[in-house]
Number of protein chains: 2
Amino acid sequence: MKLFHARGYDAVGVAELSSELGIKPPSFYAAFGSKAGLFERALQRYAAGEGNVFAHAQATGGNVGAVLERTLLRAAHVYPRRDGAAGCLVLDGTRNSADPEASALSAAARKASCATIRDFVAAHAVVRAEEVADFVMIALLGMSAAARDGADETTLRTFAENAGRALRREFGLE
Amino acid sequence: MKLFHARGYDAVGVAELSSELGIKPPSFYAAFGSKAGLFERALQRYAAGEGNVFAHAQATGGNVGAVLERTLLRAAHVYPRRDGAAGCLVLDGTRNSADPEASALSAAARKASCATIRDFVAAHAVVRAEEVADFVMIALLGMSAAARDGADETTLRTFAENAGRALRREFGLE
DNA sequence: GAGGATGTTTAGTGAGCGCTACAAAAATAC
DNA sequence: GTATTTTTGTAGCGCTCACTAAACATCCTC
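The structure displayed is predicted, hence computed values, not measured ones.

The environment of DNA strand D is formed by Val12, Gly13, Val14, Pro25, Pro26, Tyr29, Ser34 and Lys35 of chain A together with Lys24, Pro26 and Ser27 of chain B. In the environment of DNA strand D, a phosphate oxygen lies 3.2 Å from a nitrogen or oxygen atom belonging to the backbone of valine 12 of chain A. Contact distances for DNA strand D include 2.9 Å between a phosphate oxygen and a side-chain N or O atom of tyrosine 29 of chain A. Those elements that place two or more of their residues in the surface near DNA strand D are α3 (25-32) of chain A together with α3 (25-32) of chain B. With three residues, α3 of chain A is the single largest residue contributor to the surface near DNA strand D. Taken together, the residues that form the surface near DNA strand D break down as six nonpolar, three polar and two charged.

Next up, the structure:
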């Protein structure tokens, strides 16, 4: 997961993944079936942990605007480079990848994340839920890309604060 | 340029680039020196043309807020997939690339773009110019990534309108 | 200890990568 | 019209890719 997160799917080879796991390629394939098989499990582990910024923000409670703003602030805290891995594995792990299987897995995870946010917004009787969810998703995509380009936490937090304020004002969220 | 734009730097091979140009690899290297050499020229051509959304918006004139909002709207118009190429070549062309030379070229172009926007904002006596430029850059990064993930023009334009309004209101731009 | 199932290793598959030595061909110079 | 330079094509360099056949080691059962 760390290797995929740090360098993206295509830039990490099976030989390196195997040696990092302390095994040889045949054992790798016996355990995971394929490189994409391990990537799928890495995506699940990532989405179940610190990578899921929305779930983390939602757990703290509060109104829709507060949760969404905290989602962006949480991303600003998590996305900057740590241990060589910046941004979001789900959002940027397969960007420019030539592998259709890994790309499909990643796209499905992104779609699911966006749907989760949209449903949360819609469940709180907010009009234009789709628009709000898209705003958050595109903001997260931008923050993840910026982090991968080396943006620090301060830069991301400033953006998150501005975007969060904009969210509440533009869409009248309370 | 089209191939790099559509699939990213690493996913396009010299053999394919050569055959698309109607030449053989030795002629390719005689003309461009290396794969990164062609990429550098592709970046320049892209930045000098339709890819430079800020220059296009600036040319129409108006106050700072209007120019920046038009930059985002222009991106919403240009970024969706056309001829298989979506998003911005400068912003996403080398994402997850394993090639340090191409990554450095791309990073320099991004840095230059950000500096151009920051200087434009600062030249109009706007406080927090850096913050404004970062907001625009991260918004563009998000729109480029979203376009690469398949977002249509309507989705991007809606985001651009919201982000543009937010820009003017949050930073008091006129 | 023998036999069988399990799992790991060695060693390599064919394919593609960026890139290039070398020779054939085309263009230029005299 | 021959000689020289420049350009092009053929073929393949060493390397890495995801992936695997087959030999080897390990364990449990009897």
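Our focus in this paragraph is the relation of the copies chain B and chain A. Under the fitted operation, chain B is carried onto chain A by 0.0 Å of movement along the axis and a turn of 180°, and the coordinates agree to an RMSD of 0.0 Å. What the superposition gives is, in effect, a two-fold axis relating one chain to the other. Considering only C-alpha atoms, the part of chain B nearest the rotation axis is glycine 142 of chain B, at 1.7 Å. Interface overlap between copies is the fraction of interface residues in one copy that are interface residues in the other; for chain B against chain A it reaches 100%, indicating a shared surface.

A word on the environment of alanine 42 of chain A. All names here are of chain A. Relative to the helices and strands, alanine 42 resides in helix α4 (residues 35-48). Owing to a relative accessible area of 4%, alanine 42 belongs among the buried residues under this scheme. Measuring from C-alpha to C-alpha, the distance between alanine 42 and glutamate 101 comes to 14 Å, with 59 residues separating the pair along the chain. When sequence neighbours within four positions are dropped, the list of residues in contact with alanine 42 reads Met1, Phe4 and Leu89.

Residues and elements named next belong to chain A. Applying the stated criterion to the full structure yields zero disulfides over all chains. In this structure cysteine 88 is not part of a disulfide, and its nearest cysteine sulfur, from cysteine 114, lies 13 Å away. Exposure remark for cysteine 88: the relative accessible area of 5% places this residue in the buried category.

The partner chain A presents 33 residues to the 33 residues of chain B that form the contact. Carbon and sulfur atoms supply 56% of the area that chain B and chain A bury against each other, a total of about 2,700 Å² over both sides. By the criterion of area lost to chain A, the three top residues of chain B are Arg95, Asn96 and Ile138 of chain B, representing 25% of everything that side buries. One can count eight salt bridges joining chain B with chain A. Where chain B touches chain A, the interface holds 16 residue pairs in polar contact (both at pLDDT 80 or more). Those elements giving two or more residues to the side of chain B that touches chain A turn out to be α9 (129-148) and α10 (153-171) of chain B. Partitioning the side of chain B that touches chain A into residue classes produces 14 nonpolar, eight polar and 11 charged.

The next subject is the packing of aromatic side chains. The relation between two aromatic rings is expressed through the spacing of the ring centres and the mutual angle of the planes. Residue and element names in this part refer to chain A. Scanning all chains against the criterion turns up 16 aromatic pairs over all chains. Between phenylalanine 4 and phenylalanine 39 the ring centres are 5.1 Å apart and the planes differ by 90°, which places this aromatic pair in the edge-to-face class. Here phenylalanine 4 is found in helix α1 (residues 2-7), whereas its partner phenylalanine 39 is found in helix α4, with 35 residues between them in sequence. As far as the burial class goes, phenylalanine 4 and phenylalanine 39 line up, both buried. Judged by centre distance (5.0 Å) and plane angle (65°), the ring pair of tyrosine 9 and phenylalanine 39 falls under edge-to-face. Here phenylalanine 39 lies in helix α4 and tyrosine 9 lies in the loop between α1 and α2 (14-21), a separation of 30 residues in the sequence. As far as burial versus exposure is concerned, tyrosine 9 and phenylalanine 39 are alike and both buried. Members of the aromatic cluster, joined through ring pairs, are Phe4, Tyr9 and Phe39. Above the face of the tyrosine 9 ring, lysine 35 is positioned so that its terminal group lies 4.3 Å from the ring centre.

Reading guide: rules and limits
Residues numbered from 1 in each chain as written. Chains lettered and ligands numbered in written order. Predicted model: local features only at pLDDT ≥ 70, side-chain atom pairs only at ≥ 80, totals over all residues. Heavy atoms only, no water. Near = heavy atom within 4 Å. Polar contact = N/O pair within 3.5 Å; in protein donor to acceptor, adjacent residues only side chain to side chain. Helix = DSSP H or I, 4+ residues; strand = E, 2+ residues; numbered from the N terminus. Nonpolar A, V, L, I, M, F, W, Y, C, P; charged D, E, K, R; others polar. Least-squares fit on C-alpha atoms with pLDDT ≥ 70 in both. Contact = heavy atoms within 4.5 Å. Buried < 20%, exposed > 50% of the residue type's maximum accessible area, 1.4 Å probe, protein only. Disulfide = S-S within 2.5 Å. Buried area = accessible area lost by both parts, 1.4 Å probe. Salt bridge = Lys/Arg side-chain N within 4 Å of Asp/Glu carboxyl O. Phe/Tyr/Trp six-rings, centres within 6.5 Å; stacked < 30°, edge-to-face > 60°. Lys NZ or Arg CZ within 6 Å of the ring centre and 35° of its normal.

As far as function goes, none of this settles anything; it's purely spatial.
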